[in-house]
Amino acid sequence: MPLPDEPAPVERGETVPDERGGSGAAVARKAPAVAKRDATVIVAGGTSDSHTWNLVFLQLLLEELGFDVVNLGPCVPTELLVRESLAHRPALLVVSSVNGHGYQDGIRMIGKVRERAELRAVPAVIGGKLGIEGAQSAEQLAELIAAGYDAVFDDGAEGIASFQRLLDSLPQRVLT
Amino acid sequence: MSGGGFGSYVRRAHLAGDLVVQPRMGMSDPALMRAGLLATKAAAGRTVGTVTLDSYTRVNDLESAGLALLEGVPLNGYPIVSHDLETTRRVLDGIHGPDFPVQVRHGSAAPLDIFRALLRVGLDASEGGPVSYCLPYGRIPLRESVRNWSRSCELFSRLRELGREPHLETFGGCMLGQLCPPSQLVAISALEALFFHQHGLRSISASYAQQTHREQDLEAVFALRRLCAELLPGTDWHVVVYAYMGVYPTTPHGALALLGEAAELAAATGSERLIVKTVAESVRIPTVAENVAALEHAAARAARTERVADGGGDSQTYAEAAALVSAVLNLDPDVGRAMLLAFQRGYLDIPYCLHPDNQGRTRSYLDGEGRLRWADIGRLPLAGVVEAGESRTVSSGELLGALSHIRWKYDDGAIAAGPGHALAGGAA
């Protein structure tokens with residue numbers, strides 16, 4: 001998962017490569033030529049997490065890949081996440097957290113989402129710095145999956161690539 | 001000004017020629033928290049202590065904070081409202097005093113319970129602000145945050161009736177951590193300082209977080225000092241510099257080099273205090289030992305740094321910051337109401353900030369020299385002050401590049417200077 005405090009999934013250098021490795025100046029105008037997918041992704045920060053750069057980045061990335069994005073911002077209360085998910089029926093739900101409470105917050109959030117029959121099949125993923133001590137244990141990752149996430153992107157350089165592979169695998173239409 | 005408090009300690013250190021250095025430290029375990037304070041106190045350098053609160057307390061989710069204590073789940077800070085009074089008193093006992101003041105750091109837009117809790121345990125220094133602890137940080141409407149902070153400041157300033165001097169620091173100079181142009185950081189920091197003053201505080205510090213370009217940062221700190229002198233007569237004020245708050249270098253060498261530059265920025269501008277970052281910052285919450293190493297590194301670097309004279313005249317950063325401050329203050333004599341109106345009209349507007357009370361019309365970028373500049377001023381009252389540029393669309397890759405610029409610069413510098421060793425203990 002792309003995070004402010006994470007090694008960037010792009011080449012190093014003074015100019016700024018895009019995700020596919022092409023190089024461009026930091027301020028150059030770009031015209032991403034991506035087909036609209038007619039699918040909405042909900043992006044949410046953890047309930048106690050005030051960080052936003054991760055959410056801003058995810059929104060831009062998802063929009064470039066053709067998704068409509070509902071960015072719920074930081075500190076998302078569980079009820080709000082459930083309400084917005086019911087209203088938008090997203091193709092994907094993304095919880096992103098970097099404050100170290102992602103594991104606890106994330107389990108509670110997905111639990112409430114999965115309680116609703118209408119939301120049981122919505123693909124949901126979580127990623128970021130989920131604990132206060134660096135990498136997650138295999139046990140914690142397994143618990144997040146057991147709680148209802150379809151994938152967990154632990155803090156690491158591989159995160160963005162595998163997240164993009166997941167996005168590519170999503171249907172190019174609205175899920176109902 | 002009256003003695004004994006946080007502000008007067010910093011003033012005395014400054015008169016003695018020392019930069020006060022301070023960690024960002026908070027652990028939920030009382031014994032660890034006490035050990036962290038003791039280690040900070042014992043570090044080489046003029047230090048003050050920090051109790052940083054956890055995220056649940058910050059968002060008033062006291063149920064989750066309390067539950068974590070019951071279950072022994074470690075939090076990312078010290079839950080001062082949930083720990084009982086005696087526990088916190090024992091944490092501070094024999095440590096906190098006139099020779100070692102302790103500041104409570106939180107990040108709450110609804111901080112009244114936090115202020116009550118810190119007053120009960122005899123603490124008298126904190127930080128935040130109605131804008132800087134609201135807009136980037138959560139969902140509470142700005143109007144509510146202004147109201148909450150007004151009440152909290154009024155409660156806190158009543159310590160003065162007891163002969164104590166409460167101290168508050170603005171967080172406005174750190175908005176979003178990175179990519180907010182320095183002039184707006186300076187303006188919001190100065191406005192929050194004035195807000196504290198209007199609500200009775202007389203010992204105030206104004207923050208500024210190191211950004212991406214040394215000369216621009218020098219301009220910004222001098223601009224902030226000049227605005228504080230203009231806006232805060234009869235107040236014991238100082239400036240606190242924060243080591244870079246954005247995406248931090250991952251190599252020990254790169255992290256220390258960036259921290260060293262922050263210490264230099266603080267000392268060169270005659271600033272009084274510095275909040276440090278550690279070599280672990282990019283991967284996890286740092287240990288006590290890592291914090292002590294950062295404090296000592298910064299103090300030593302500051303001691304070797306020569307003062308730089310303010311060039312005088314209006315720098316670009318001062319011109320922009322002064323234009324923002326005066327446009328805001330012209331909206332209403334009450335600075336809280338003035339700031340609310342300013343965000344409604346887009347006179348203050350934080351780039352990339354997702355909060356509904358922020359218009360979000362402004363954008364920033366890094367120029368070829370690494371200066372942080374306006375790509376789009378939206379409705380900021382800066383026409384004629386900032387050259388109007390073509391507004392730009394920023395891609396996710398470009399944003400990530402701008403966010404990571406400093407990490408790359410310092411890590412690459414570190415690699416060029418010789419192979420660093422990988423930092424143990426975190427995900428790479």
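Within each chain, residues carry numbers counting from 1 in the order of the written sequence. Working convention: letters from A go to chains and numbers from 1 go to ligands, in the order in which they are written. This being a predicted model, a pLDDT of at least 70 is required before a residue's local features are given, and a value of 80 or more before pairs of side-chain atoms are given or counted; all residues contribute to the totals for chains, interfaces and linings. Processing note: side-chain calculations cover all non-hydrogen atoms of the structure and skip hydrogens and water entirely.

As recorded in an unreviewed UniProt entry, chain B goes by Glutamate mutase subunit E and comes from Kitasatospora viridis.

An unreviewed UniProt entry lists chain A under the name Methylaspartate mutase sigma subunit, with Kitasatospora viridis given as the organism.

(A) Geometry of the packing of helix 2 (residues 30–42) of chain B against helix 11 (residues 288–303) of chain B. All names here are of chain B. Comment: axis = line fitted to C-alpha atoms, over the contacting stretch for helices; angle = value between 0 and 180 degrees taken between N-to-C directions. Under the DSSP-based scheme used, a helix requires at least four consecutive residues in state H or I and a strand at least two consecutive residues in state E, with every element numbered from the N terminus. At their nearest, the axes of helix 2 and helix 11 sit 10 Å apart, and the two run at 20 degrees to each other. In terms of orientation, helix 2 lies roughly parallel with respect to helix 11. Handedness of the crossing formed by helix 2 with helix 11: right-handed. Side by side, helix 2 and helix 11 meet where Ala35, Gly36, Ala39 and Thr40 of the first sit next to Val288, Val292 and Leu295 of the second. Partitioned by chemical class, the residues of the contact of helix 2 with helix 11 number five nonpolar, two polar and no charged. Just so you know how the angles are binned, under 35 degrees is roughly parallel, over 145 roughly antiparallel, 65 to 115 roughly perpendicular, and the rest oblique. Helix crossings get a hand from a simple test, with the near helix turned counterclockwise from the far one by less than a right angle marking a left-handed crossing and a clockwise turn marking a right-handed one. Contacts are assigned to residue pairs with any non-hydrogen atoms lying within 4.5 Å of each other. Asp, Glu, Lys and Arg are counted as charged, while Ala, Val, Leu, Ile, Met, Phe, Trp, Tyr, Cys and Pro are counted as nonpolar; the rest, among them Gly, fall into the polar class.

(B) Structural context of the sheet that holds strand 7 (residues 151–154) of chain A. Residues and elements named next belong to chain A. Strands qualify as paired when DSSP identifies two bridges or more between them. With respect to topology, five strands assemble into an open sheet ordered 4-3-5-6-7, the strand pairing being parallel. Every other strand in the sheet has two partners, leaving strand 4 (68–71) and strand 7 as the edge strands with one partner each. The sheet shows a mean angle of 20 degrees between the axes of neighbouring strands, taken without regard to direction. Running at roughly 175 degrees to strand 3 (residues 40–45), helix 2 (residues 78–88) makes contact with strand 3, strand 4 and strand 5 (92–97) of the sheet. Relative to strand 6 (residues 124–128), helix 3 (residues 102–115) is tilted by about 170 degrees, and along the sheet it contacts strand 3, strand 5 and strand 6.

(C) Here's a closer look at the nonpolar core. Each nonpolar core is a collection of buried residues, namely Ala, Val, Leu, Ile, Met, Phe, Trp, Tyr and Cys, held together in the definition by side-chain atoms within 4.5 Å. For the exposure calls, accessible area comes from a 1.4 Å probe over protein chains only, and a residue counts as buried if that area is under 20% of its type's maximum, exposed if over 50%, partly exposed in between. Counting residues in each nonpolar core, the largest one holds 150 residues, and the members touching the most others are Phe163(A), Leu37(B), Ile80(B), Leu274(B), Ile350(B) and Leu399(B). In terms of residue count, the dominant contributor to this core is helix 8 (residues 182–198) of chain B (ten residues). Discounting chain neighbours no more than four positions away, the residues touching Leu37(B) are Met25(B), Gly49(B), Thr50(B), Val51(B), Val91(B), Leu92(B), Ile95(B), Phe100(B) and Val102(B). Membership of the second largest hydrophobic core comes to 22 residues, among which are Tyr103(A), Ile110(A), Leu119(A) and Ala124(A).

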